[in-house]
Every structure is written in structure tokens, then in C-alpha cells.
Amino acid sequence: MSNISIGSFINSLHREEVVRLWHTIFGYGTAHNEPSLVIDQKLAMDDDLFYVAVCEEKVVGTLMAGYDGHRGWLYSLAVLPDYRHRDIGSNLVRHAEQALTRKGCLKINLQIMEGNEGVQAFYASLGYAVEVRVSMGKRFPVK
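I will try to describe carefully the structure that is included in this document. (Residues numbered from 1 in each chain as written. Predicted model: local features only at pLDDT ≥ 70, side-chain atom pairs only at ≥ 80, totals over all residues. Heavy atoms only, no water.)

1. Digging into the packing of helix H1 (residues 11–26) against helix H2 (residues 35–45)
For the pair H1 and H2, interaxial distance at closest approach is 9 Å and the crossing angle is 135°. The orientation of H1 with respect to H2, classified from their angle, is oblique. Viewed along their axes, H1 and H2 form a crossing whose handedness is right-handed. Touching Asn11, Arg15, Val18, Val19, Trp22 and His23 of H1 are Pro35, Ser36, Val38, Ile39, Asp40 and Leu43, all from H2. (Axes fitted to C-alpha atoms, helices over the stretch in contact; angles between N-to-C directions. Helix = DSSP H or I, 4+ residues; strand = E, 2+ residues; numbered from the N terminus. Parallel < 35°, antiparallel > 145°, perpendicular 65-115°, else oblique. Left-handed = near helix turned anticlockwise from the far one by under 90°. Contact = heavy atoms within 4.5 Å.)

2. Overview of H1
Residues that lie three or four places apart on an α-helix share one face, since the helix turns once every 3.6 residues. Along H1, the largest kink reaches about 25° and is centred on Glu17. Of the positions making up H1, those classed as buried are His14, Arg15, Glu17, Val18, Val19, Leu21 and Trp22. Where the residues of H1 are buried, they touch strand E1 (4–8), H2, strand E2 (50–55), strand E3 (58–67) and strand E4 (72–79). One or two steps after H1, the chain reaches Gly27, where phi turns positive at roughly 75°. (Bend = angle between axes of the 7 residues up to and from the residue. Buried < 20%, exposed > 50% of the residue type's maximum accessible area, 1.4 Å probe, protein only.)

3. Re the nonpolar core
By size, the foremost hydrophobic cluster in this structure holds 37 residues, and its most contacted members are Val18, Trp22, Leu63, Leu74 and Val93. Those elements giving two or more residues to this core turn out to be H1, H2, E2, E3, E4 and helix H3 (88–102). Leaving out residues up to four positions away in the same chain, Leu74 has contacts with Leu63, Met64, Ala65, Val93, Ala96, Leu100, Ile108, Asn109, Leu110 and Tyr128. (Core = buried A, V, L, I, M, F, W, Y, C linked by side-chain atoms within 4.5 Å.)

4. Notes on unusual backbone geometry
A positive phi angle, near 50°, is found at Asp46, a position not held by glycine. In this fold, Asp46 is placed in the loop between H2 and E2. Judged by relative accessible area, Asp46 falls into the exposed class, the value being 63%. Notably, Asp87 is not glycine yet its phi reads approximately 70°, a positive angle. Among the structural elements, Asp87 can be located in the loop between E4 and H3.

5. So, the sheet that holds E2
Reading across the sheet, the five strands line up as E1-E2-E3-E4-E5 and stay open at both edges, with mixed pairing between neighbours. Strand pairing shows two members of the sheet lacking a second neighbour, E1 and strand E5 (108–110), which therefore form its edges. Direction aside, neighbouring strands of the sheet carry axes that sit 25° apart on average. Of the pairings in the sheet, the one linking E1 to E2 comprises five bridges and is antiparallel in character. Residue pairing in the sheet places Ser5 in a bridge with Val54 of E2. In the packing of H2 onto the sheet, contacts are made with E2 and E3, and the angle to E3 comes to roughly 50°. Set on the sheet, H3 makes contact with E1, E2, E3, E4 and E5; between it and E4 the angle comes to about 155°. (Pairing = 2+ DSSP bridges.)

Note that every value here comes from positions in space, so none of it alone points to a role or purpose.
Here you go:
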């Protein structure tokens, strides 16, 4: 197995590959999830919570995290299909967890999209549990 490293997203180095990866994995059908927009908005936060897994200079995985001072969140965990089952996703999650706990985070949340419930076992293996909640959202026009 090739050496895989996890590090911070660097826009000039990783952007094009991350956009392709997210289109491949997520398919994104809504304007507010367009990868270029999401990347720009994340970089504007300047919180250093955007990570890539790289193998031989190729982006093979991503994870974005967020922290509002109360709770942490995990977003956009994606691993290229040919690189799955190599602990890349687990290592990305652990990397983000460590960064969030260094910021003082005491609880991390994530959401699983309907239709992707199969990933629930993956998160359970990392200690995450289903919490009964109703998730609500409100979209605003993309400017």
C-alpha cells in the first residue's frame, strides 16, 4: 500500500482535485453545495479545519470540520472508491477530532444524507451513535 498523508487543504495545490472528488462522490444537485462555492466559503472562515488525504501527490480523500465554540461538525468526508478500506476515512475523522478537541470542542455532530445510511456502521465503528433529532434547514439564494 502506498504512503498516504493527511494535511491541511491548500487551495492552489488541491482545489481542482477536491472539486472533482466531490462531484464524483456526492454528485451535488443544489447550488449551495457547488464545490467551488463551498471551498470559497470554507476558506473565508480561515479556521484550518479542512483536510485532504494525499497519496503520491493525488488527493484521495477529504474532510471538512467546523466549530462554533459549542459543538464541532464533520462535513464532506469523501474517499475515492479505489482507496476505500485502507483506513483513510477513519484517519481523516481522527485527524479532525484531534483538531477540534485542541480547540476545546466537547461534542462532535455529523449528519448522514438520506440514501447513504450504509455509512452509519462506519461512523459507529468510530464511536458515533445515532441521536434522535429532527434536522431542519433553510436555503437562501446563492449570490
